[in-house]
Amino acid sequence: MPILDTRVPAVLLRIDRNPFHHGTLGAVRSLGRAGVEVHLVADSEGSPVRRSRFVCAMHPPPPPGSSTADIAAVLRRVAARVSRPAVLVPMDDASALAVSRLGEELTAGYLLPKQPGALAERVADKAELAAVCQSVGVPHPVTLIPDSPAQAAAAARRLGLPLVAKWSRPWLVPAGTGLRSTVVVRSAQEARALYSRTEEAGSRLLLQSFLPPGPDRDWFFHGYVDRYGVTHGGGPGRKHRAWPRGAGLTVVGRWTPNPHLQAIVERLTEVLGYRGIFDLDFRRDAAAGRYHLLDFNPRPGAQFRLFEDGAGLDVVRALHLDLTHRPLPAPVPLPGRAFVVENYAPLGALRPRSAGRELAWHAVDDRAPGRALWGLWARHVSLRLTQRAGRLVRGPVAADPDGTADTNGAAKAYGTVVGPPRETSRTVVGPPREAAGTVVGPPRETSRTVVGPPREAAGTVVGPPRVTAAAVERAIRADPTVVRPRGGPVPRKDPRSAQVPTAVTALPSGSLAHAPADDEKASSC
């Protein structure tokens with residue numbers, strides 16, 4: 001393990017209220033094992049991270065929705081308590097961008113990489129990233145930014161279905177809205193419905209061409225760029241399992257050499273002049289062999305501990321060494337090393353543990369977080385299942401705001417199919433109400449089965465919705481990360497009158513990744 005300057009503490013900042021962010025625990029352990037005093041500024045409510053023996057002190061984080069000035073005030077209070085300059089490590093997008101904006105204002109109490117201008121904000125904003133990729137010749141999915149619901153529907157038809165929808169600044173999406181940062185859209189009506197929630201999401205809606213997932217297609221690259229522009233402490237990895245499947249966080253990943261991908265990343269950071277920790281997500285286009293950059297995160301990725309090398313170096317240790325002017329050891333890659341997130345991949349965690357595998361939560365030298373995980377996680381999951389069972393009975397009010405069903409009749413949330421068609425039996429007295437695009441039989445008193453949420457009829461629906469065992473079972477089969485939104489209907493417009501938005505990015509020939517390669521990540525999500 002490299003010798004860190006233990007006189008210099010570290011402050012980890014996390015604004016996002018995710019109690020099960022294993023990357024935060026990884027940073028706590030990485031620095032704590034090296035003898036560094038670790039202060040954690042994060043919400044510890046219901047989190048196993050606070051149980052780690054390597055946490056020196058917990059500090060309350062800025063409240064949700066805090067301004068940059070509020071975040072600066074919190075960091076100044078923490079600096080006063082620490083009482084000497086500390087290495088500041090932002091652990092989520094919101095904190096990374098706040099630290100980037102504050103810049104010189106924090107230098108009295110913290111050590112920070114010298115990042116050029118507003119580069120962190122440019123690469124983290126998914127709309128800006130499309131333009132960045134185009135300017136430096138890195139492949140990126142064709143991206144359209146609609147200016148109206150009609151344009152969103154027109155863009156869906158232009159890109160083809162399915163497509164991917166993203167909020168350009170996902171860290172601004174309020175909790176509890178049911179909105180997700182990235183979803184697969186399967187109809188023009190879903191694109192319209194998403195656009196109608198732009199104000200609620202807090203940033204622009206992007207629609208991107210869909211790159212199908214598959215074996216050997218999802219890749220990531222972690223690293224730290226030092227003051228001289230040299231990359232340390234990371235490497236290329238392949239995503240073997242994700243949650244949600246095919247488009248979410250890495251729950252099983254493996255360090256996999258990929259010289260072609262490494263050349264793309266090093267050229268990208270060099271052209272941009274990037275400094276600091278980064279986490280990049282790619283998806284390989286099987287047809288063209290190109291690696292498309294999907295996300296550029298200016299902070300540690302949750303699975304960064306995958307890349308601890310034979311010299312004991314990872315990205316947060318590289319950051320601490322560089323900012324304290326200590327020499328960084330030569331890299332000693334460990335290809336084949338694996339990383340498993342137990343609460344999402346419990347069977348993978350139960351397999352015999354090899355020397356080249358690290359678990360996200362369980363560690364022999366820090367057992368308390370792993371022990372606390374399962375009780376806290378069980379309560380979290382049971383609460384989510386109960387909430388989803390209630391939604392399955394009540395029905396997603398805004399999942400199909402135009403009154404049109406998905407082609408396969410499956411319950412959906414913004415294009416993500418979350419389970420088989422939901423059947424609800426009800427008795428309707430009087431003539432049934434006609435719905436747009438629905439053929440209704442002759443008026444009669446009948447017991448019938450409908451797919452999807454019960455619609456009010458011109459009569460009486462017998463029996464209030466109840467959470468039943470069957471509903472809970474359906475919720476268990478459903479994707480437990482999807483929250484169905486609620487909202488009003490989106491008015492229909494003649495699609496022929498819609499203008500197709502202009503593409504933000506089209507891949508130029510002669511890009512950095514024009515040659516075939518066999519690595520990389522990135523789902524259309």
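Residues numbered from 1 in each chain as written. Predicted model: local features only at pLDDT ≥ 70, side-chain atom pairs only at ≥ 80, totals over all residues. Heavy atoms only, no water.

Asks: Mind showing me how you'd approach the pattern of salt bridges here?
Replies: Two side chains of opposite charge can pair, provided their charged atoms sit close to one another. Throughout the structure, instances matching the rule amount to 25 salt bridges. The salt bridge involving aspartate 5 is made with arginine 326; its shortest N-O contact spans 3.8 Å. Taken together, the residues span a long stretch of sequence, with aspartate 5 in the segment before strand E1 (10–13) and arginine 326 in the loop between helix H10 (315–323) and strand E15 (338–340) at a distance of 321 residues. Here aspartate 216 and arginine 284 are joined by a salt bridge, their closest N and O atoms 3.4 Å apart. On the criterion of sequence distance, the pair formed by aspartate 216 in the loop between strand E9 (205–209) and strand E10 (218–225) and arginine 284 in strand E13 (residues 276–285) is long-range, its members being 68 residues apart. Judged by its relative accessible area of 23%, aspartate 216 is partly exposed. Taking relative accessible area as the criterion, arginine 284 reaches 12% and is therefore assigned buried. Among the charged side chains, a network of salt bridges with common partners joins Arg305, Glu308, Asp314, Arg317, Arg337 and Glu358. (Salt bridge = Lys/Arg side-chain N within 4 Å of Asp/Glu carboxyl O. Helix = DSSP H or I, 4+ residues; strand = E, 2+ residues; numbered from the N terminus. Buried < 20%, exposed > 50% of the residue type's maximum accessible area, 1.4 Å probe, protein only.)

Asks: Explain helix H6 (residues 149–159) here, please?
Replies: An α-helix turns once per 3.6 residues; consequently, residues spaced three or four apart project the same way. Burial within H6 is extensive, with 9 of its 11 residues counted as buried. If you check which residues of H6 are buried, you get Pro149, Ala150, Gln151, Ala152, Ala153, Ala154, Ala155, Ala156 and Leu159.

Asks: Would you mind going over the packing of H6 against helix H7 (residues 188–195) with me for this structure?
Replies: How two helices pack is summed up by the angle between their axes together with the distance between the axes. Contact pair H6 / H7: the axes reach a minimum separation of 8 Å and the direction vectors enclose 145°. Our pair here, H6 against H7, has a crossing hand that is right-handed. Every residue of H7 that contacts H6 at Pro149, Ala150, Ala152, Ala153, Ala156 and Arg157 is listed here: Ala188, Ala191, Arg192 and Tyr195. Within the contact of H6 with H7, the residues separate by chemical class into 8 nonpolar, no polar and 2 charged. (Axes fitted to C-alpha atoms, helices over the stretch in contact; angles between N-to-C directions. Left-handed = near helix turned anticlockwise from the far one by under 90°. Contact = heavy atoms within 4.5 Å. Nonpolar A, V, L, I, M, F, W, Y, C, P; charged D, E, K, R; others polar.)

Asks: Would you mind going over the nonpolar core with me for this structure?
Replies: One recurring pattern in soluble globular proteins is that nonpolar side chains are buried together. Leu12, Leu31, Val316 and Trp361 are the most contacted members of the largest nonpolar core, which totals 49 residues. Apart from residues lying up to four places away in sequence, leucine 12 is in contact with Thr24, Ala27, Val28, Leu31, Val38, His39, Leu40, Val41, Val89 and Met91. Core analysis: the second largest hydrophobic core is formed by 22 residues, Val136, Leu261, Val265 and Phe296 among them. (Core = buried A, V, L, I, M, F, W, Y, C linked by side-chain atoms within 4.5 Å.)

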